[in-house]
Amino acid sequence: MDTEALKKSLLKKFQEVTADRLQKIQLGVIDLEKETAEQAADDVARELHTMKGEARMLGLAAIGQLAHAAEDVLRAEREGKTATETATDVMLRACDVLSDLLEDLDAAHTGTSATEEMVKALSEVSGHPVPALGPVRKPAAQPPPAAPPKPAVQAPVAPPVAAPVVAQAPVAPQAPSRVAEPVPVVAPAAKEEEAPSAAKSNTIADRSIRVNVEVLDSLGLLAGDLLVESARGRLRSTETAQLFERFSRLGDRFLRISEDVDVPDAIRAELERAEADLHMLRDDAFRFVRRNGDGINTLHGNLAQLADHVAEARLVPLSTVFDAFPRAVRDIAKTQNKEVDLIIENADIGVDRSMLADVRDALVHLLRNAVDHGLESADFRQQMGKPATGRIRIRVRVDGDMLHIEVEDDGRGMDTERLKQVAINKRLLSPVQAAALSEREAIELIFRPGFSTREQVSELSGRGVGMDVVKRKVETLGGSVGVQSRQGRGTTITLRLPQSLALMKVLLVRLGDDVYGMPAADVVAVMRIKPDDRMEVFGTLAVRHRGKPTALVALGPLLGLNGGNRFDKPPAVVVRHGDDYAALVVDGFVDEREVAVKPCGGEFLKGAPFIAGTAALEDGRIAVLLHVPDIMTEVRRMARPVTQAPASRRLRVLLVDDSPIARATEGALVKALGHSVEEAQDGEEAYAKVQTNTYDLILTDVQMPKLDGFSLTRRLKGTPAVARIPVIILSSLASPEDKRRGLDAGADAYLVKGELGVEILAQSIDRLT
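Residues numbered from 1 in each chain as written. Predicted model: local features only at pLDDT ≥ 70, side-chain atom pairs only at ≥ 80, totals over all residues. Heavy atoms only, no water.

### Digging into a negative patch on the surface
There is a patch of like negative charges on the surface, built from Asp308, Glu312, Asp401 and Glu594. In this structure glutamate 594 comes out as partly exposed when scored by relative accessible area, which is 32%. (Patch = residues over 30% accessible without salt bridge, like charges linked within 9 Å, V, L, I, M, F, W, Y side chains within 5 Å. Areas by Shrake-Rupley, 256 points an atom, 1.4 Å probe, with all protein chains shown as cover. Salt bridge = Lys/Arg side-chain N within 4 Å of Asp/Glu carboxyl O. Lys, Arg positive; Asp, Glu negative; His and termini not counted. Charge placed at Lys NZ, Arg CZ, Asp CG, Glu CD. Buried < 20%, exposed > 50% of the residue type's maximum accessible area, 1.4 Å probe, protein only.)

### Concerning the packing of aromatic side chains
Enumeration according to the criterion identifies two aromatic pairs in this entry. Note on phenylalanine 244 and phenylalanine 288: the rings are 6.3 Å apart at their centroids and 90 degrees apart in plane angle, and the pair reads as edge-to-face. Of this pair, phenylalanine 244 sits in helix α8 (residues 213-260) while phenylalanine 288 sits in helix α9 (residues 265-313), and the two are 44 residues apart along the sequence. Sitting above the plane of the tyrosine 695 ring, arginine 652 keeps its charged end 5.0 Å from the centroid. Positioned above the aromatic ring of tyrosine 687 is the side chain of arginine 715, whose terminal nitrogen or guanidinium carbon lies 5.1 Å from the ring centre. (Phe/Tyr/Trp six-rings, centres within 6.5 Å; stacked < 30°, edge-to-face > 60°. Helix = DSSP H or I, 4+ residues; strand = E, 2+ residues; numbered from the N terminus. Lys NZ or Arg CZ within 6 Å of the ring centre and 35° of its normal.)

### Regarding unusual backbone geometry
Where the residue is not glycine, phi is negative for most of them; where a peptide bond is considered, it is trans in most cases. Unusually for a residue other than glycine, asparagine 346 sits at a positive phi of about 60 degrees. Mapped onto the secondary structure, asparagine 346 falls in the loop between β2 (340-345) and β3 (350-352). Overall, the relative accessible area of 41% leaves asparagine 346 in the partly exposed class. In this model, lysine 706 sits at a positive phi of 70 degrees, which is unusual for a non-glycine residue. Considering the arrangement of structural elements, one finds lysine 706 in the loop between β21 (697-700) and α23 (709-717). Here lysine 706 falls in the exposed class, since its relative accessible area comes to 70%.

### Focus: empty space enclosed by the protein
Summed over the entire model, instances satisfying the criterion amount to six cavities of 30 Å³ or more. Lining the largest cavity we find Val553, Ala554, Pro557, Leu558, Met638, Ala662, Thr665, Glu666, Leu669, Lys753 and Leu756. Elements with a minimum of two residues in the lining of the largest cavity: β13 (548-554), α18 (555-559) and α21 (660-672). Class assignment for the residues of the lining of the largest cavity results in eight nonpolar, one polar and two charged. (1 Å grid on protein atoms, 1.4 Å probe; cavity = no way out; pocket = protein on both sides within 12 Å on 5 of 7 lines; lining within 4 Å. Points joined across faces, edges and corners; volume = space filled by probe spheres on them. Nonpolar A, V, L, I, M, F, W, Y, C, P; charged D, E, K, R; others polar.)

### Considerations on the sheet that holds strand β18 (residues 622-626)
The strand order across the open sheet formed by five strands is β16-β8-β9-β18-β17, and the pairing between neighbours is mixed. Each having just a single partner strand, β16 (588-596) and β17 (611-616) make up the two edges of the open sheet. Across the sheet, the mean angle from the axis of one strand to that of its neighbour is 35 degrees, orientation sign disregarded. (Pairing = 2+ DSSP bridges. Axes fitted to C-alpha atoms, helices over the stretch in contact; angles between N-to-C directions.)

### Digging into the sheet that holds strand β19 (residues 652-656)
One open sheet accounts for five strands, arranged β20-β19-β21-β22-β23; its pairing is parallel. The open sheet has two edge strands, β20 (676-680) and β23 (749-752), and neither has a second partner. Between one strand axis and the next, the sheet turns by 20 degrees as a mean value, whatever way the strands run. Pairing geometry for β19 and β21, over four bridges, is parallel. Paired with leucine 655 across the strands is leucine 699, a residue of β21. Helix α22 (residues 683-692) contacts β19, β20 and β21 of the sheet and is inclined by roughly 160 degrees relative to β19. Contacts from α23 reach β19, β21, β22 (727-731) and β23 within the one sheet, and its direction differs from that of β22 by about 175 degrees. (Contact = heavy atoms within 4.5 Å.)

Below you can see the structure in the form of structure tokens.
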């Protein structure tokens, strides 16, 4: 490698290492204000000294000068010549300038006006003048070393602290004004207690490398595909064993036939040899099936382990995000004259790298809200008997495949009455609606777009953008947000997220002939719904699960796929999102397994509601993975209590549907509006009832045996005695063509089951009656 290429390689490595080093320096500088100040000062001094030496070896004079000036400030603070707060502020500002220089290495060679101002500020605080950069000299020509020093390999999880080097790095000759003369840096005598730490860092570096995340993404997809292919191999192995079993039975039949047939002795001898060969073939076939099955099972296990390792390699420690939070919280607190102590627990837990940016954005919003809205001023806290310094705690834990991140503060908590009043003032709710809210529902108002308790807009708050963004980002990742608050005691916000998006355990269910998957982490239980278990709660069909009523919804109609399960005891999946539960009725269960999640391809599924991705199955089918947060949002909308006044007239309604669950769900909605309901299982039964009874309204499904909804509507409108009765078609068929067919048949309204709710149904009934 020539010297120019070596220099570029070293500069790139310096940028990577120093970016991590700066983060550690900032954390240490902030800790100077805490009880661990002595250890923090040692760590910062070591990092600054190493940075200075590496920068000077590479000719980055401005960085070396800044690091030297910062060392003087740190020394002055330790000797008591400079106030800790003053030293902390100026050193954090120096870190910002150093970060800018890392992005512009040309400026790192020669310095900028910002660099000069920062060096001057550091010198004024420390009382030690720092020499100017001065003219930069071109290094003397010298033969290249026999073996250039190998740059330390950077560990992605915990970047090691590079030890000072007793050597000169070759620098490619450039224009005299741009290259500083290499300065040999002599390593100081290391403290005895630092040796184990340095050895540990070197060990980590020796077994760690940086890998392009796109390579990991490709490996993850490939590992998932191989896992599916190996599952197909197991399926083919089973089919091969079954074929051999059939051949064996067929051979036995031929042998029995040969024993009953009279043949000459010569042919008999040939048959006996054929029988012996057949037995040998059967033995060989069974041995092959056993070895093949064992090999495929071993391969499948190894591939599953490979997929797990790739998924684990995609995990990045949350500390890569969390390390920036102490500085950010300190800066926000200073702008509001508040004192805040940020405590972070278990920051070494990993999260899928593709989720890192969204997790960071969500937590930035939460921390900003905690400082601005949650924590009180120091004086007010002392009046309330609290410590002057507020506390924010970020706590991380893993629960199975899910990650729980809690952001807790010991501030003022949430005033639910004030939240309701703000919602009324912003016309998000009417006074009647606000009064009907429970405490939990009032707290969840913070997730409404445009909601803010700040009356004036500031740099931090008042724009109505914050918690709704957090909720949207977390739910996009398949997670949920929970809030617990006690007025005067504080607030805890919990983010529940999948730890990895590459592989996911899912419960596969059947809707018609198609397979759908739900994240196993969202599944609470599976069950059979008995007719006696059903109940109505405020006009919503429910089922009792673990002693509590749970909303009961047919998944097929909700997705707009079919009319719903037609069994009296249909299977159902109980899912959870946050604090909400729902029992989703399906047509059957398939299996639970780990699948490789792929984004939706093509225009058909891209952007479709309720869809999170797809996964290939071993039998060649594609499973559609459902997005539980979207489904639960729709369930909540369908189960929303009636907020309008009851109808002025009680109507007698005939409900026609061949699905018991659909009839129960739709009947509960109609009853919630104050009307009476009679039921019919198909069009023929409905038409017979209309001949002998009087109805004010008819609600009918389309796909039914004997007489479908379109044919029933045409027959009703063609019978003068009942033609004036309004007919509303309720169907999962949502295409414009289906709607046109319904209206051409004479229907007065056409509602899609997946969009059906109390308010929509009430508006249609009021308009027609």
